[in-house]
Amino acid sequence: MNKTSALNVRYVAGLSVFIGLVVALQILATYVRIGTFPITLTLVPIIVGSAVFGVKAAGILGATFGVTVILMSLLADPASLYLFNLRPFVFVVIIMARCILAALSGGITYKLVTRRTKNDMIAVVMAAVVTPIVNTGLFLATFAMFYWETLLAWSGGSDYALHFLFIVMVGANFLIEMGINVALSPAIKRIIDIRRKM
């Protein structure tokens, strides 16, 4: 086996491990809730995978994240199933776009900050912050854009719609996701260092 083939095998095997982690953590996250929607636990392996394997891997992991979110939403979340039944195509497209763009933003942030600062720790922390911001920001924007009538119905009127969206549906989830990512940044850096030595 030549060097290129060995590297390809390592890439596929390593990326497969991260794909498995994304799927397993998202299935687990479906049952971990604070508020209306589950907490996203998959952003950490996405950050590590993109740091180790590159931005293309981030896109693959983001797509895996999106497919898993859709499947678990339809199987285990009545609110998401309701939203899917209202607008199936929109539901699938916005989840896939949000998950892929969040993953890519983390991978690109890591790559750019590492190149600029030559400091992996700063790059990991920045990616850990950017990824949930993009994930949650796109959720807020697309939900308000495509499901405004539903938001009005759930919140009890236009006076409370944005408060309901930002505070009730997203507030605690976003802070917990961000906190988990930042708290695990030293561990993420350690995993990246180990993988590079291998």
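See above for the structure.
Basis of the calculations
- Residues numbered from 1 in each chain as written.
- Predicted model: local features only at pLDDT ≥ 70, side-chain atom pairs only at ≥ 80, totals over all residues.
- Heavy atoms only, no water.
- Helix = DSSP H or I, 4+ residues; strand = E, 2+ residues; numbered from the N terminus.
- Buried < 20%, exposed > 50% of the residue type's maximum accessible area, 1.4 Å probe, protein only.
- Contact = heavy atoms within 4.5 Å.
- Areas by Shrake-Rupley, 256 points an atom, 1.4 Å probe, with all protein chains shown as cover.
- Phe/Tyr/Trp six-rings, centres within 6.5 Å; stacked < 30°, edge-to-face > 60°.
- Axes fitted to C-alpha atoms, helices over the stretch in contact; angles between N-to-C directions.
- Parallel < 35°, antiparallel > 145°, perpendicular 65-115°, else oblique.
- Left-handed = near helix turned anticlockwise from the far one by under 90°.
- Nonpolar A, V, L, I, M, F, W, Y, C, P; charged D, E, K, R; others polar.
- Core = buried A, V, L, I, M, F, W, Y, C linked by side-chain atoms within 4.5 Å.
- Polar contact = N/O pair within 3.5 Å; in protein donor to acceptor, adjacent residues only side chain to side chain.
- Expected span 1.5 Å × (residues − 1).

1. A closer look at the overall build of the protein chain
Okay, so step 1: The number of helices and strands found in the protein chain is nine helices and zero strands.
Okay, so step 2: Ordered by position from N to C terminus, the α and β elements of the protein chain give α-α-α-α-α-α-α-α-α.
Okay, so step 3: Within the protein chain, the fraction of its 198 residues that count as buried is 42%.
Okay, so step 4: Within the protein chain, contacts between residues separated by at least 24 positions form 73% of all contacts whose residues are at least 6 apart in sequence.
Okay, so step 5: When the accessible surface of the protein chain is split by element, carbon and sulfur atoms take 72% of a total near 10000 Å².

2. Considering the packing of aromatic side chains
Okay, so step 1: Applying the stated criterion across every chain yields a total of four aromatic pairs.
Okay, so step 2: Ring plane angle 80 degrees and centroid distance 5.7 Å describe the contact between F84 and F91, whose orientation is recorded as edge-to-face.
Okay, so step 3: For F91, a relative accessible area of 4% puts it in the buried group.
Okay, so step 4: Look at F143 and Y147: their rings are 5.6 Å apart centre to centre, the planes differ by 35 degrees, and that puts the pair in the tilted class.
Okay, so step 5: A relative accessible area of 2% means that F143 is categorised as buried.
Okay, so step 6: Taking the relative accessible area as the measure of exposure, Y147 reaches 3% and is therefore buried.

3. Focus on the packing of helix α3 (residues 55-76) against helix α5 (residues 88-117)
Okay, so step 1: Remark: α3 packs on α5, axes separated minimally by 8 Å, with the N-to-C direction vectors making an angle of 150 degrees. Between α3 and α5, the angle is such that the two are roughly antiparallel. When you trace α3 past α5, the crossing you get is right-handed. Residues V55, A58, G59, G62, A63, F65, G66, V67, V69, I70, S73 and L74 of α3 form the contact with α5, whose participating residues are F91, V92, I95, M96, R98, C99, I100, A103, L104, G107, I108 and K111.
Okay, so step 2: By residue class, the composition of the contact of α3 with α5 is 17 nonpolar, five polar and two charged.

4. Quick notes on the nonpolar core
Okay, so step 1: In terms of nonpolar packing, the biggest core is built from 35 residues, with F65, Y110, Y147, I188 and I192 touching the most fellow members.
Okay, so step 2: The element best represented in this core is α5, accounting for nine residues.
Okay, so step 3: Residue contacts for I188: discarding those within four places in its chain leaves V44, I47, V48, V124 and N181.

5. Some remarks on the environment of N135
Okay, so step 1: Note that N135 resides in helix α6 (residues 120-146).
Okay, so step 2: Accessibility expressed as a relative area gives 2% for N135, which makes it buried.
Okay, so step 3: The spacing of N135 and L43 is 92 residues in sequence and 9.3 Å in space, taken between C-alpha atoms.
Okay, so step 4: Sequence-distant contacts of N135, that is, excluding residues within four places in its chain, are made with T40, L43, F65, R98, A102 and E177.
Okay, so step 5: At 2.6 Å, the side chain of N135 and the side chain of R98 are in polar contact.

6. Considering the side chain of S105
Okay, so step 1: Secondary-structure assignment places S105 in helix α5.
Okay, so step 2: Within the local environment of S105, its side chain forms a polar contact with the backbone oxygen of A102, the two atoms lying 2.7 Å apart.
Okay, so step 3: When residues no more than four places from it in sequence are discounted, the contact partners of S105 are V130, T131 and V134.

7. Brief notes about α6
For an α-helix the count is 3.6 residues per turn, leaving residues at separations of three or four pointing the same way.
Okay, so step 1: Here α6 is 27 residues long and its end C-alpha atoms lie 38 Å apart, about the 39 Å a rise of 1.5 Å per residue gives.
Okay, so step 2: Capping the start of α6 is the job of one residue whose side-chain oxygen sits 2.9 Å from the backbone nitrogen of M121: N119.

8. What about the environment of Y110?
Okay, so step 1: Secondary-structure assignment places Y110 in helix α5.
Okay, so step 2: For Y110, a relative accessible area of 4% gives the class buried.
Okay, so step 3: Each C-alpha atom, one on Y110 and one on D120, is 8.0 Å from the other, the two residues being ten residues apart in sequence.

9. Examining unusual backbone geometry
Okay, so step 1: Positive phi, normally seen in glycine, also occurs at K118, with a value near 60 degrees.
Okay, so step 2: Residue position: K118 is located in the loop between α5 and α6.
Okay, so step 3: The exposure class assigned to K118 is exposed, which follows from its relative accessible area of 69%.

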